[in-house]
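What follows is the residue order along each chain.
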There are 2 protein chains.
Amino acid sequence: MTFSEENYLKTIYHLTTASDSEVSTNAIAERMETKASSVTDMLKKLAEKDLVNYKKYQGVSLTSAGKSEAKMIVRKHRLWEVFLVEKLDFSWDEVHDIAEQLEHIKSEQLINKLDDFLDNPTEDPHGDPIPDREGRIVKIEKQLLSELSENQVGVCVGVKDTSSEFLKYLDKQEIALGSKIEFLSRESFDLSLRIRVDKKELTISNKIASNLFVKLL
Amino acid sequence: MTFSEENYLKTIYHLTTASDSEVSTNAIAERMETKASSVTDMLKKLAEKDLVNYKKYQGVSLTSAGKSEAKMIVRKHRLWEVFLVEKLDFSWDEVHDIAEQLEHIKSEQLINKLDDFLDNPTEDPHGDPIPDREGRIVKIEKQLLSELSENQVGVCVGVKDTSSEFLKYLDKQEIALGSKIEFLSRESFDLSLRIRVDKKELTISNKIASNLFVKLL
DNA sequence: ATTAATTTTTAGACAAAACTAAAAATTATA
DNA sequence: TATAATTTTTAGTTTTGTCTAAAAATTAAT
């Protein structure tokens, strides 16, 4: 399997799990910053290899073979992210691009040894679940901070947007995985939220709140 | 820089440092298990980028830019090998193929953090020197076991052949980096050597002895 | 229900890196 | 020093993954 094929599978996996349906050629092209015609070419190739279900003009989904390949790529990506943050002391906004490269390294033994070395983590530094060696994913129940009602309290368990920009903002506000977040009040005018993070009170926009996952206490 | 370009630079680096002269198209082709015509194509491209000195029919050498690129690839390869052996518990005969992939990961920050994480090793698991972040190499004086004279004593500091086959043979004989090796006697008929490794006496062929580096005590 | 807009696919081209086969240059040999 | 053998380069293909432009299919709008 080539890097390019792996990238397509991974993208299709993310898009289909997010929307829980078939995904369009254009959606893939947009996410991968490539042209629709290139996507069509690759879909044909992946269909030929029985990694995707593809019918012209009908969108694509992964076959079970494709899905398990995709999960292994996601597994590698997220394990390497844990390594970079936990062992090499990278911050959570710096690891994505490097993990994009590392996820293509081919060696099952390597990834399983890495998994053990990291003590078999179940989530990456952004709170996303890491598939185990059989592809199983332990899903934690979490919800967006923006969906809480006043006075509910949760722990930050993940981020929806993993852009460097957003993550740096969180660092600045001292919001990290594990931070206790209390929903104090909602400003009806702009939907901004008053929250308490650990000891400190602050105001965040609704956009921020709808990119932060919390687990209710 | 593409993977392929990096592989060519690395090969040229190894061949030129071994022979200390220009290297021929055929030598590169043979080492890389490719065709001479493919090598010629790539040499033109590398010359275009000022990474090699190339004149038709005259062989090639690295420019200083090419050499420093090559050293960085070697640095990455060897640091990853240390990681695999020291941290992930691979044996020294298993790491080469994985390091061949990892050496192409692009991030200076990554490799420098890895270097620190490993406590800035100066040699890889086969005893080969690891260039530092400026490309400096600390060369240790070492010689082939086959070049010793009777009753000299050394410590195993490296291997010339790094094939899995040879390394497994050494494991079987319990010869490792750091083993104390006493040259007891030479059999003139087949040039085989009687040696003592740590406490145990054994006989090894001249071929084995000429692939083992020792440092005299 | 046609027409218009959008999406998707096809067709043809291109760059990278490999290959084969043949030509050219170099080196070795008689 | 001719000629033979070897090495290296050139020329022309192939494969992979991308692109543009145009055609075809689908979806939206009047």
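First, a word on scope: everything that follows refers to the structure included in this document. As the structure is a prediction and not an experimental result, all values here were calculated from the model. (Residues numbered from 1 in each chain as written. Chains lettered and ligands numbered in written order. Predicted model: local features only at pLDDT ≥ 70, side-chain atom pairs only at ≥ 80, totals over all residues. Heavy atoms only, no water.)

1. Observations concerning the overall build of chain A
Item 1. If you tally the helices and strands in chain A, you get 8 helices and 8 strands.
Item 2. With respect to the three principal axes, the spread of C-alpha positions in chain A is 55 × 40 × 25 Å.
Item 3. Taken across its 217 residues, chain A has 45% of its residues classed as buried.
Item 4. Taken as a whole, chain A presents about 11400 Å² of accessible surface, with 46% of it coming from carbon and sulfur. (Helix = DSSP H or I, 4+ residues; strand = E, 2+ residues; numbered from the N terminus. Buried < 20%, exposed > 50% of the residue type's maximum accessible area, 1.4 Å probe, protein only. Areas by Shrake-Rupley, 256 points an atom, 1.4 Å probe, with all protein chains shown as cover.)

2. Structural notes on the sheet that holds strand β8 (residues 212–216) of chain B
Residues and elements named next belong to chain B.
Item 1. Within the open sheet, the 6 strands sit side by side as β3-β8-β4-β5-β6-β7. Their pairing is antiparallel. Each of the sheet's edge strands pairs with one partner strand only, and the pair in question is β3 (143–144) and β7 (200–204).
Item 2. Inspection of the sheet shows strand β4 (residues 153–159) paired to β8 by 5 bridges, in the antiparallel sense. Residue V159 lies in a different strand from β8, and its bridge partner there is L212. (Pairing = 2+ DSSP bridges.)

3. Details of the packing of aromatic side chains
Note on aromatic pairs: each is described by the distance of the centres and the angle between the planes.
Item 1. In the structure shown here, the tally under the stated rule is 8 aromatic pairs over all chains.
Item 2. Pairing W80(A) with F83(A) gives two aromatic rings, centres 5.6 Å apart and planes at 80°, and the pair type is edge-to-face. Taken together, the residues W80(A) and F83(A), both in helix α4 (residues 64–87) and 3 residues apart, mark about one turn of the helix. One exposure class covers both W80(A) and F83(A), and it is buried.
Item 3. Three or more aromatic residues link up through ring pairs in this structure, and these residues are W80(A), F83(A), F117(A), W80(B), F83(B) and F117(B).
Item 4. Across from the ring centre of F117(A), 4.6 Å away, lies the NZ or CZ of K87(A), which sits over that ring.
Item 5. The ring of F213(A) carries K142(A) above its face, with NZ or CZ at 4.3 Å from the centroid. (Phe/Tyr/Trp six-rings, centres within 6.5 Å; stacked < 30°, edge-to-face > 60°. Lys NZ or Arg CZ within 6 Å of the ring centre and 35° of its normal.)

Keep in mind that these numbers describe shape and distance, not what the molecule does.
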